[in-house]
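# Structural features, examined
The primary structure of each chain is shown beneath.
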Amino acid sequence: MGIDKSPTATLGNAPAGYEGPGFFATSLDKAVGMARKNSIWPLPFATSCCGIEFMATMASHYDLGRFGSERLSFSPRQADLLMVMGTIAKKMGPILRQVYEQMAEPKWVLSMGACASSGGIFDTYSVLQGIDRIMPVDVYIPGCPPRPEQVIDGLMQIQKLVENESLRRRDSEEYKKLQEKYGLN
Amino acid sequence: MADVLNTLNEKLKTKFGSDILSAEQLFDFPVFTVKKEKILEIIKTLKEEEGFNFLTDLTGTHYPDNKGQELGVIYHLHDMPGNRRIRLKTYASLADPKVLSLTGLFPGANWMERETFDFYGVLFTGHPNLKRILNMDEMNYFPMRREYPMEDAKRDDKDNSMFGR
């Protein structure tokens with residue numbers, strides 16, 4: 001098995017559009033969707049063991065940077081995706097919510113692991129039984145902890161959502177209702 | 001190891017007499033049960049005269065069957081130069097859960113007493129800032145007391161058949 005010397009790389013699928021010499025025309029939302037989905041900047045809100053598993057996912061073997069998530073930001077203002085990884089205590093709830101509120105639109109939330117999705121095995125007085133009690137969640141990744149392959153799968157689901165999102169979803173009725181349901185307006 | 005127990009027992013008994021309720025050797029620890037009013041003086045004596053300069057741990061317990069002496073506060077002291085470890089226990093009732101605070105002697109007792117207050121409701125008199133440390137401030141009960149059922153019987157969002165109960 002030698003080194004693969006084929007000259008072309010595997011490209012992603014181009015959206016439907018009109019192609020001509022030196023140009024490619026497609027609709028704006030498809031172009032923007034493609035740009036957004038390949039440059040999701042996550043905010044790793046890592047609290048527990050799932051955070052360590054996320055570190056493994058970001059490392060070279062599984063490499064989340066391949067999907068455009070090379071630049072993690074701990075500042076909510078500069079992040080697109082809030083990845084909540086780990087057990088969230090009831091005392092941490094308002095802080096997590098504040099981080100979510102500070103994020104600029106468009107934003108998505110990924111709940112990784114059993115604790116963030118539903119409280120996990122910690123059905124106690126101090127653990128928040130799922131972050132969807134305080135904020136809307138887009139993708140849940142079950143597992144305790146989920147393997148890096150599953151985290152990548154979750155991110156690819158987020159990519160599907162991001163690609164097909166309308167450009168200004170913050171004005172859509174459905175989104176506004178969702179925000180009101182959580183008291184985020 | 002029993003010498004530690006005996007020497008300290010003699011010393012404390014001569015100084016404090018009947019305030020030392022019991023002294024016994026539990027495996028590798030001499031354990032003294034004392035009256036809660038004298039706990040500060042006893043620990044001060046141990047620190048200054050016997051050299052127990054390190055408070056390893058301060059924690060609480062709750063024995064609901066010991067009427068009048070339900071809430072216990074347990075202290076672990078370590079004599080670093082002489083390498084001796086002892087345990088002190090003192091009990092308070094639920095009606096009067098006040099115990100003297102050790103923050104004057106050991107600054108490390110500050111957060112440990114806050115934790116004991118947070119989980120057992122033991123009120124430490126003389127503590128500079130006695131408020132909850134690990135739980136939410138709005139919580140109105142003390143979780144580690146043995147007064148509550150393990151699970152909330154009225155939960156309707158967890159399906160028992162899925163959880164193997």
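Given the structure is predicted, the values throughout are model-derived calculations rather than measurements.

## So, the overall build of chain B
Each helix and strand counted, chain B has three helices and seven strands in total. Ordered by position from N to C terminus, the α and β elements of chain B give α-β-β-α-β-β-β-β-α-β. Partitioning the contacts of chain B with sequence separation of at least 6, the portion at a separation of at least 24 is 50%.

## Quick look at the nonpolar core
Residue and element names in this part refer to chain A. Grouped together as the largest cluster of nonpolar side chains are 31 residues, with contacts concentrated most on Leu81, Leu82, Met83, Val84, Leu110 and Met112. Elements supplying a minimum of two residues to this core: β3 (42-46), α2 (49-58), β4 (81-85), α3 (93-102), β5 (108-112), α4 (113-118), β6 (139-141) and α5 (148-164). In terms of residue count, the dominant contributor to this core is β4 (five residues). Apart from residues lying up to four places away in sequence, valine 84 is in contact with Phe45, Leu96, Val109, Ser111, Met112, Ala116 and Ile131.

## A look at the sheet that holds β6 of chain A
Residues and elements named next belong to chain A. If you trace the four strands from one edge of the open sheet to the other, you get β3-β4-β5-β6, paired in parallel fashion. Edge positions in the sheet fall to β3 and β6, since each has one partner strand and no second. Averaged over all adjacent pairs, the angle separating strand axes in this sheet is 15°, with direction ignored. With five bridges joining them, β4 and β5 adopt parallel strand pairing.

## Comments concerning the sheet that holds strand β3 (residues 54-62) of chain B
Residue and element names in this part refer to chain B. The strand order β1-β2-β5-β4-β3 describes an open sheet built from five strands, whose pairing is mixed. Unpaired on one side and paired on the other, β1 (20-26) and β3 mark the two borders of the sheet. Within the sheet, the average angular offset between the axes of one strand and its neighbour, ignoring direction, is 20°. Both β1 and strand β2 (residues 29-34) contribute to a ladder of six bridges, which runs antiparallel. Of the residues in β2, the one forming a bridge with alanine 23 is phenylalanine 32. Helix α3 (residues 109-120) contacts β3 and β4 (71-79) of the sheet and is inclined by roughly 5° relative to β3.

## Side note on unusual backbone geometry
In this structure, the amide linkage connecting glutamate 105 of chain A to the following residue, proline 106 of chain A, adopts the cis form with an omega of -10°. In this structure, proline 106 of chain A sits in the loop between α3 and β5. The amide bond that connects cysteine 144 of chain A to the next residue, proline 145 of chain A, takes the cis arrangement and shows omega of -15°. With respect to the helices and strands, the residue proline 145 of chain A is situated in the loop between β6 and α5. In this structure, aspartate 63 of chain A takes a positive phi of about 50° despite not being glycine. Among the secondary structure elements, aspartate 63 of chain A is positioned in the loop between α2 and β4. In this structure, asparagine 83 of chain B is a non-glycine residue whose phi angle is positive, near 50°. Inspection of the secondary structure puts asparagine 83 of chain B in the loop between β4 and β5 (84-92).

## Concerning the confidence of the model for chain B
Residues with a pLDDT of 70 or more make up 89% of chain B, whose mean pLDDT is 88. Of the two predicted TM-score estimates for the complex, the pTM is 0.82 and the ipTM is 0.75.

## Focus on the environment of valine 109 of chain A
All names here are of chain A. Tracing the sequence through the fold places valine 109 in strand β5. Judged by the 23 C-beta atoms lying within 10 Å of it, valine 109 falls in the buried class. Residues valine 109 and proline 42, 67 residues apart in the sequence, show an inter-C-alpha distance of 9.4 Å. Once residues within four sequence positions are removed from consideration, valine 109 is found in contact with Leu82, Val84, Tyr100, Met135, Pro136, Val137 and Asp138.

## Concerning the environment of glutamate 163 of chain A
Residues and elements named next belong to chain A. Looking at the element boundaries, glutamate 163 is found in helix α5. Given 17 C-beta atoms within a 10 Å radius, glutamate 163 is considered partly exposed. When the C-alpha positions of glutamate 163 and glycine 51 are compared, they lie 26 Å apart, and in sequence the two are 112 residues distant.

The rules we used
- Residues numbered from 1 in each chain as written.
- Chains lettered and ligands numbered in written order.
- Predicted model: local features only at pLDDT ≥ 70, side-chain atom pairs only at ≥ 80, totals over all residues.
- Helix = DSSP H or I, 4+ residues; strand = E, 2+ residues; numbered from the N terminus.
- Contact = placed C-beta atoms within 7 Å.
- Core = buried A, V, L, I, M, F, W, Y, C linked by C-beta atoms within 7 Å.
- Buried ≥ 20, exposed ≤ 12 C-beta atoms within 10 Å, placed from the backbone.
- Pairing = 2+ DSSP bridges.
- Axes fitted to C-alpha atoms, helices over the stretch in contact; angles between N-to-C directions.
- pLDDT = per-residue confidence, 0-100.

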